[in-house]
2 protein chains.
Amino acid sequence: MKTETRRTPPEPRWLDDVEMAAWRGYIETVAALGAALDADLAPHGLAIGDYEVLVRLSDAPGHQLRMCDLAGKLRLSPSGLTRRLDGLVKGGLVQRDPSSDDRRVMLATLTERGLQTLTQAAPDHVESVRSRFLDQLSLTEIEVLAGAFNKLRASLETGSCSAPRDPQ
Amino acid sequence: MKTETRRTPPEPRWLDDVEMAAWRGYIETVAALGAALDADLAPHGLAIGDYEVLVRLSDAPGHQLRMCDLAGKLRLSPSGLTRRLDGLVKGGLVQRDPSSDDRRVMLATLTERGLQTLTQAAPDHVESVRSRFLDQLSLTEIEVLAGAFNKLRASLETGSCSAPRDPQ
DNA sequence: TGCAACTACTTGCGTACGCAACCTTCGCGG
DNA sequence: CCGCGAAGGTTGCGTACGCAAGTAGTTGCA
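Given the structure is predicted, the values throughout are model-derived calculations rather than measurements.

Right, let's talk about the overall build of chain A for a bit. Scanning chain A from terminus to terminus reveals 6 helices and 3 strands. The helix and strand sequence of chain A, counted from the amino end, reads α-α-β-α-α-β-β-α-α. Considering only intrachain contacts with a sequence separation of at least 6, the fraction spanning at least 24 residues in chain A is 50%. A total accessible area of about 8800 Å² is found for chain A, and carbon and sulfur atoms account for 52% of it.

Turning to the nonpolar core, a few remarks are in order. Counting 66 residues, the largest nonpolar core has A:F133, B:V94 and B:F133 as the members making the most contacts within it. Setting aside residues no more than four positions away along its own chain, B:F133 makes contact with A:A22, A:W23, A:Y26, A:L152, B:L33, B:S128 and B:L145. With 23 residues, the next largest nonpolar core counts A:L46, A:L85, A:V94 and A:A121 among its residues.

Bringing the interface of chain A and chain B into the picture now. Each partner contributes to the interface: chain A provides 59 residues, whereas chain B provides 59 residues. Run the count over chain A and chain B and you get 12 salt bridges. Between A:R56 and B:E28 there is a salt bridge; the shortest N-O distance is 3.2 Å. Joining chain A to chain B, the criterion identifies 14 residue pairs in polar contact (both at pLDDT 80 or more). Looking at the side of chain A that touches chain B, the elements that each hand over two or more residues are helix 1 (17-41), helix 2 (48-59), helix 5 (112-132) and helix 6 (139-156) of chain A. In the side of chain A that touches chain B, the residues fall into 31 nonpolar, 10 polar and 18 charged.

Here the focus is the protein's contact with DNA strand D. Near DNA strand D lie 22 residues; those nearest to it are A:S77, A:S79, B:C68, B:T82 and B:R83. Take the atoms of DNA strand D that sit within 4 Å of the protein: sugar and phosphate atoms are 64% of them. Taking A:R84, its side chain carries an N or O atom lying 2.8 Å from a phosphate oxygen of DNA strand D. Within the backbone of B:M106, one N or O atom sits 3.0 Å away from a phosphate oxygen of DNA strand D. Classifying every residue of the surface near DNA strand D gives 6 nonpolar, 6 polar and 10 charged.

All names here are of chain B. Taken together, the 3 strands give an open sheet; going across it, the order is 1-3-2, and neighbouring strands pair in antiparallel fashion. In the strand order of this sheet, the two ends are held by strand 1 (64-66) and strand 2 (94-98), each with one partner. For this sheet, the mean angle separating the axes of adjacent strands, direction not counted, is 30°. Inspection of the sheet shows strand 1 paired to strand 3 (residues 106-110) by 3 bridges, in the antiparallel sense.

This paragraph deals with the protein's contact with DNA strand C. Neighbouring DNA strand C are 23 residues, the closest being A:C68, A:T82, A:R83, B:S77 and B:S79. In the interface set of DNA strand C, defined as its atoms within 4 Å of the protein, sugar plus phosphate atoms amount to 64%. One nitrogen or oxygen atom from the side chain of B:S77 is found 2.4 Å from a phosphate oxygen belonging to DNA strand C. Here B:R84 contributes a side-chain N or O atom positioned 2.9 Å from a phosphate oxygen of DNA strand C. Contributions of two or more residues to the surface near DNA strand C are made by helix 3 (67-74) and helix 4 (78-90) of chain A together with helix 4 (78-90) of chain B. Class assignment for the residues of the surface near DNA strand C results in 7 nonpolar, 6 polar and 10 charged.

Next up on the list: the side chain of A:R56. Residues and elements named next belong to chain A. Summarising the element assignment, R56 is placed in helix 2. Overall, the relative accessible area of 5% leaves R56 in the buried class. One polar contact links the side chain of R56 to the main-chain carbonyl oxygen of K73, over a distance of 3.5 Å.

In this section: the relation of the copies chain A and chain B. Superposing chain A onto chain B takes a rotation of 180° plus a shift of 0.0 Å along the axis, which leaves an RMSD of 0.1 Å. One copy is carried onto the other by what is essentially a two-fold rotation axis. A high fraction, 93%, of the interface residues of chain A reappear at the interface in chain B, so the copies pair face to face through one surface.

Next up on the list: the packing of aromatic side chains. Counting across every chain of the model gives 8 aromatic pairs over all chains. Look at A:Y26 and B:F133: their rings are 5.5 Å apart centre to centre, the planes differ by 45°, and that puts the pair in the tilted class. Note that A:Y26 is positioned in helix 1 and B:F133 in the loop between helix 5 (112-132) and helix 6 (139-156), a pairing that runs across two chains. Here the aromatic rings of A:Y26 and B:F149 are separated by 5.8 Å at their centres, their planes lie at 75°, and the arrangement is edge-to-face. Residue A:Y26 is located in helix 1, and its partner B:F149 is located in helix 6; the two belong to separate chains. Residue classification places B:F149 among the buried positions, given a relative accessible area of 0%. Members of the aromatic cluster, each reached through a chain of ring pairs, are A:W23, A:Y26, B:F133 and B:F149.

Conventions we followed
- Residues numbered from 1 in each chain as written.
- Chains lettered and ligands numbered in written order.
- Predicted model: local features only at pLDDT ≥ 70, side-chain atom pairs only at ≥ 80, totals over all residues.
- Heavy atoms only, no water.
- Helix = DSSP H or I, 4+ residues; strand = E, 2+ residues; numbered from the N terminus.
- Contact = heavy atoms within 4.5 Å.
- Areas by Shrake-Rupley, 256 points an atom, 1.4 Å probe, with all protein chains shown as cover.
- Core = buried A, V, L, I, M, F, W, Y, C linked by side-chain atoms within 4.5 Å.
- Buried < 20%, exposed > 50% of the residue type's maximum accessible area, 1.4 Å probe, protein only.
- Salt bridge = Lys/Arg side-chain N within 4 Å of Asp/Glu carboxyl O.
- Polar contact = N/O pair within 3.5 Å; in protein donor to acceptor, adjacent residues only side chain to side chain.
- Nonpolar A, V, L, I, M, F, W, Y, C, P; charged D, E, K, R; others polar.
- Near = heavy atom within 4 Å.
- Pairing = 2+ DSSP bridges.
- Axes fitted to C-alpha atoms, helices over the stretch in contact; angles between N-to-C directions.
- Least-squares fit on C-alpha atoms with pLDDT ≥ 70 in both.
- Phe/Tyr/Trp six-rings, centres within 6.5 Å; stacked < 30°, edge-to-face > 60°.

Written out as structure tokens, the structure reads:
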């Protein structure tokens, strides 16, 4: 749309130049960055989504999490997580264990092989994040970004399942 | 792709707290923000992707663009764009016109109805972007974000089709 | 104790998208 | 002109995911 302020019923406060730069920049950077990170991780046979699953599990006590909690952390729907795990289980990186506490619950558990894969991939991924993201920015910018994302995230907070708020 | 460092990795430079905050914040904000904007736009019967198509067309001379150029601007694959247009064409918001210059080319053209839909949706969308994004941040933050995204985008530049670099 | 309501997960179905294969058309060297 | 490679677009196929419905198990409440 043109940044034209013509007659429009209510009150469309169009974006000024800086706002537009921030917004368009956001939109386009997100797409490009996601694609680049995915490509960087491909040699390890993992998609970003897979990697995120492994990270969350490796962070968890006993290297395992309830499906529901994991879905919350990953912002995936239950069915989405089920099927993502299908792939990881088939690859032997994760296994499903029924919970003894609550027999409705399935625990996703990182296998030895999964941990090994993650351990191999993590340094490369971190390096990828650095080269694509952090290295391009000054310390000040990184600090401002961290603060800004924190604000944005807080204002978008929803919450699902019975997942306890995820720290960090 | 990346510097090969395997086998007794020479100290992967892990992320410190600020870096991690920026990165995790980015990851989680992107997901939440995208979902929120999509939801805000749903009442107009448009997905964000549809909206983006309409915006690009409305910006173009004659309200039309070659498929290939449009795909470049939207970072969509040719087939992805074909099918997204299918939906918009079926909805009467866009029409396909064969180019008279080059008979390989299809021109996507914004219809009167498409322009009308965009005109109705745009103020709401802008308001959505404001309330979810810009209003949460200070002017300084917005400026820093704009600059940061600009740097990131520049370092990720690829280019596709014969699309001329898209300004702004 | 018994049943209704809720929770955790899975499955069926629909959508969005990328890749590869496939036409058509263009442009170029002979 | 012919042939050939390249470019623009569409279609077939596979993957990822969300929603709604279904199943199994649990909890609350009388």
